[in-house]
Amino acid sequence: MARSLSPIMLGKQLEGIWHTAIVAYGDEFFFGGEGISSCSPGGTMLGPPDTVVELGETEVSEEIFMDYLSSLGESTYRGDRYRLFEHNCNTFTNEVAQFLTGRSIPTYITDLPSEVLSTPFGQILRPILDSIHIAPPGGNVINGGRNI
């Protein structure tokens, strides 16, 4: 849908509006309005991904990784800190990918918010989109033991 509507609405072609997550240790981890969540790979209501980008392998143990996620869930990636354009699932996935592998997710994903906001229609939509609470269902919230 983004591919067909973006030229009309934004005046530029977008290939998609990307939701990202990271798969590690048999689970998919993502960030939304509920904080950091996990599920089986492809287990959110969004279903299986359209594209998988292999980022490599990690030497970080599962225990260290889960401690890291708990720490992020208590601070930087609490649900109340979600912002569609500045602090979203892609921001989370990029940060976690760098922690696990030293590699970033593709820039066509991380640059998408600024690309949308650089258009007049993006600026008009911003207040509306900023007010939307996005929390893909289908996951277990990881927030360091606190309910948010």
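Note that this is a predicted model, so its numbers are computed, not measured.

A. A look at the nonpolar core. In terms of nonpolar packing, the biggest core is built from 20 residues, with Phe-29, Phe-65, Leu-69, Leu-72, Phe-92 and Val-96 touching the most fellow members. Secondary-structure elements contributing two or more residues to this core are β1 (22-24), β2 (27-32), α2 (62-74) and α3 (89-101). In this view, Phe-29 contacts Ala-21, Ile-22, Ala-24, Ser-37, Ser-38, Phe-65, Met-66, Leu-69, Phe-92 and Ile-142; residues no more than four positions away in its chain are not counted. Ranked by size, the runner-up nonpolar core spans 5 residues in total, among them Phe-85, Leu-112, Val-116 and Leu-117.

B. Summary view of the packing of aromatic side chains. Under the counting rule described, the total for this entry stands at 8 aromatic pairs. Ring geometry for Tyr-25 and Phe-65: centres 5.9 Å apart, planes at 40°, overall tilted. Placement of the pair is Tyr-25 in the loop between β1 and β2 and Phe-65 in helix α2, with a sequence separation of 40 residues. Take Tyr-25: its relative accessible area is 34%, and that puts it in the partly exposed class. For Phe-65, a relative accessible area of 0% translates into the label buried. Summarising the aromatic geometry, the rings of Phe-31 and Tyr-77 are spaced 4.9 Å apart at their centres and angled 85° between planes, so their arrangement reads as edge-to-face. Of this pair, Phe-31 sits in strand β2 while Tyr-77 sits in the loop between α2 and α3, and the two are 46 residues apart along the sequence. We note that Phe-31, like Tyr-77, is buried. Here the aromatic cluster, defined as three or more aromatic residues joined through ring pairs, consists of Phe-31, Tyr-77, Tyr-82 and Phe-92.

Calculation notes
- Residues numbered from 1 in each chain as written.
- Predicted model: local features only at pLDDT ≥ 70, side-chain atom pairs only at ≥ 80, totals over all residues.
- Heavy atoms only, no water.
- Core = buried A, V, L, I, M, F, W, Y, C linked by side-chain atoms within 4.5 Å.
- Buried < 20%, exposed > 50% of the residue type's maximum accessible area, 1.4 Å probe, protein only.
- Helix = DSSP H or I, 4+ residues; strand = E, 2+ residues; numbered from the N terminus.
- Contact = heavy atoms within 4.5 Å.
- Phe/Tyr/Trp six-rings, centres within 6.5 Å; stacked < 30°, edge-to-face > 60°.

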